[in-house]
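# Architecture at a glance
Below are the chains, spelled out letter by letter.
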Amino acid sequence: MLNETMRAAVLDRPFSIEVKQVPIPLPKPDEALIKVYCIGVCGSDVHYYEHGKIGRYKVKQPIILGHELAGEVISVGDAVTNVTVGDRVAVEPGITCGRCEYCKSGRYNLCPDVVFMATPPVDGAWAEYVAVRSDFLYKLPDEMSYEEGALLEPLSVGFHAMRRARVHPNDRVLILGLGPIGLLALEAAKLYGVTEIYGSDVVPFRRNLALKAGASGVFNPMEDDIQANLERLTDKKGIDVIIETSGNARAIADTVHLAKRGGRIVFVGLPSTDAIPLDIPTLVDSELDVYGIFRYANTYPAAIQALNKANQDIRHVITHKYSLNEIKEAVEVARTQKETSIKVMIYPQGADNL
């Protein structure tokens, strides 16, 4: 494919995104070239599209977004031995150094030199092809679709949250925020064997999806007394684990009152403000364990194995499907229709080619 071009969605500046012809990347000796079949629209993609930055990461030059993907191996570099041409793979989008103390201790998600797709200035994969270091490729079972392969990335956030919280099947779990991450955290809890899962969100559509996915109960935080409802529904046993995905300041502050004594809280969602008051006396008196999570580590193999053996379909979170040529419409749906859209998917090769 030397000197050939491909279609890619290029963001030039906020609200300006266009499908252009760009060179097909040439894989390095330790990389494989992936034909992208399915790739999601993440909240971070929408934020870059809308604001041109996230924190210290600013779009200073045209960039290709997108990092939730699966596809087919088209070619491999000379040093690649773990995948071959024709393999169907999911892509872990954060390429770490492999040498620092975090990488060597297994917490490679904290690697200070990570190169993460679609984080400026690194291009992502809203394109027909992408080159990826082969050790961040994971073969998909024949029974697993490309859509499920692309969803492994946001599912991994929930999977990592369960692991950090040491979740067990007999735990009672409450998920605050039922967007894409919250709903997939629900699926991750099910993969961990949890059968009593509750959720909270202000959007009725999301609460209904959670119920359809098997939630034991859902609440509207603007109207319901969540604490009183949980006491009734759990027969006053309480909630063992809270997964906070909304980033809402009030929800974050409420976690210390909603968890049972000795419970665990995992903060996933990022608030719009840096400092949020927490009831520290209650946190201390209840001996709560509080965890933050940053992306994920060592989740793809376990999630693939668990999902392949489980009788659950995580694709219910996909609410909209678009071709790569419809990228502008797809991102606008994700940006403006949050009450009816969960996961918007892009199909660079067309949905009929899955």
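Residues numbered from 1 in each chain as written. Predicted model: local features only at pLDDT ≥ 70, side-chain atom pairs only at ≥ 80, totals over all residues. Heavy atoms only, no water.

The test is simple: UniProt positions are given in the numbering used here, feature names are shortened, and annotations may be inferred rather than shown by experiment.
As annotated in an unreviewed UniProt entry, the protein chain is NAD(P)-dependent alcohol dehydrogenase from Paenibacillus sedimenti. The UniProt entry for the protein chain carries the following comment under Cofactor (unreviewed entry): "Zn(2+)". The heading Sequence similarities (unreviewed entry) in the UniProt record of the protein chain holds the text "Belongs to the zinc-containing alcohol dehydrogenase family."

### Some points on the overall build of the protein chain
Here is the rule we go by: Numbering goes from the N terminus for both helices and strands, where a helix is a DSSP run of H or I of at least four residues and a strand is a run of E of at least two. We compute the radius of gyration from the C-alpha atoms alone; for a globule the expected value is 2.2 Å times N to the 0.38, where N is the number of residues. Throughout, a contact is declared for two residues whenever any of their heavy atoms are within 4.5 Å. For every accessible area listed, the method is Shrake-Rupley and the probe measures 1.4 Å; residues are considered covered only by the protein chains on display.
Per the secondary structure count, the protein chain includes 10 helices and 20 strands. Against the globule reference of 20 Å for 354 residues, the protein chain gives a C-alpha radius of gyration of 20 Å, in line with a compact fold. Seen through its C-alpha atoms, the protein chain measures out along the principal axes to roughly 65 × 40 × 35 Å. Pairs at least 24 apart in sequence give 71% of the contacts found in the protein chain among residues at least 6 apart. Summed over its atoms, the accessible surface of the protein chain is roughly 16,100 Å², and 49% of this surface lies on carbon and sulfur atoms.

### Structural notes on the sheet that holds strand β18 (residues 289–292)
Worth spelling out the cut-off: In short, DSSP must find at least two bridges between two strands for them to pair. For every element, the axis is a line fit to its C-alpha atoms; helices are fit only across the contacting stretch, and the angle between N-to-C directions ranges from 0 to 180 degrees.
With parallel pairing, the six strands of this open sheet are ordered in space as β15-β14-β13-β16-β17-β18. Because the sheet does not close on itself, it has two edges, and the strands there are β15 (217–219) and β18. Neighbour-to-neighbour, the strand axes of this sheet turn through a mean angle of 15°, independent of strand direction. Of the pairings in the sheet, the one linking strand β17 (residues 259–267) to β18 comprises four bridges and is parallel in character. In the strand pairing of β18, I265 is matched with V290.

### A few points about helix α3 (residues 146–164)
Our working rule: Helix span, as expected, comes to 1.5 Å for every residue beyond the first. Note that the bend at a residue is defined as the angle between axes fitted to the seven residues ending at it and the seven residues starting at it. In this scheme, a residue with accessible area under 20% of its type's maximum is buried, one over 50% is exposed, and one in between is partly exposed, where area comes from a 1.4 Å probe on protein chains only.
Taking 1.5 Å of rise per residue, 19 residues should cover 27 Å, and α3 covers 27 Å from first to last C-alpha, within 8% of that figure. Taken as a whole, α3 carries its principal kink of about 45° at E153; the proline P154 stands between one and four residues after it. Burial runs high along α3: 17 of the 19 residues are buried. Where α3 terminates, the next one or two residues include R166, which has phi positive at roughly 55°.

### Here's the deal with the side chain of E31
This is how it is decided: In summary, the charge assignment counts Lys and Arg as positive and Asp and Glu as negative, without counting His or the chain termini. For this analysis, a salt bridge means a side-chain nitrogen from Lys or Arg found within 4 Å of a carboxyl oxygen belonging to Asp or Glu. Throughout this description, a polar contact denotes any pair of N or O atoms lying within 3.5 Å of each other; where both atoms belong to protein, one of them has to be capable of donating a hydrogen while the other can accept it, and for residues adjacent in sequence the pair is counted only when both atoms sit in side chains.
Looking at the element boundaries, E31 is found in strand β3 (residues 31–41). Buried within the structure, E31 lacks any salt-bridge partner; K28 is the closest side chain of opposite charge, at an N-O distance of 4.7 Å. A polar contact is formed between the side chain of E31 and the backbone nitrogen of K28, at a distance of 2.9 Å. Each residue touching E31, except ones within four places of it in the same chain, is listed here: L26, V76, G77, V80, A131, V132, R133 and S134.

### Considerations on the environment of L11
Along the polypeptide, L11 turns up in strand β1 (residues 5–13). On the accessibility criterion, L11 (0% relative accessible area) is buried. The contact partners of L11, leaving out residues within four places of it in the chain, are S16, I17, Y48, Y49, V59, Q61, P62, I63 and L65.

### Things to note about the environment of K60
Mapping K60 onto the fold places it in the loop between β5 (57–58) and β6 (63–64). In sequence terms K60 and T340 are 280 residues apart; their C-alpha atoms lie 32 Å from each other.

### Re unusual backbone geometry
Of the consecutive residues P120 and P121, the connecting peptide bond is found in the cis state with omega at 5°. Not every positive phi belongs to a glycine, and D235 is a case in point at roughly 55°. Looking at the secondary structure, you find D235 in the loop between α6 (226–233) and β16 (239–244). Exposure remark for D235: the relative accessible area of 57% places this residue in the exposed category.

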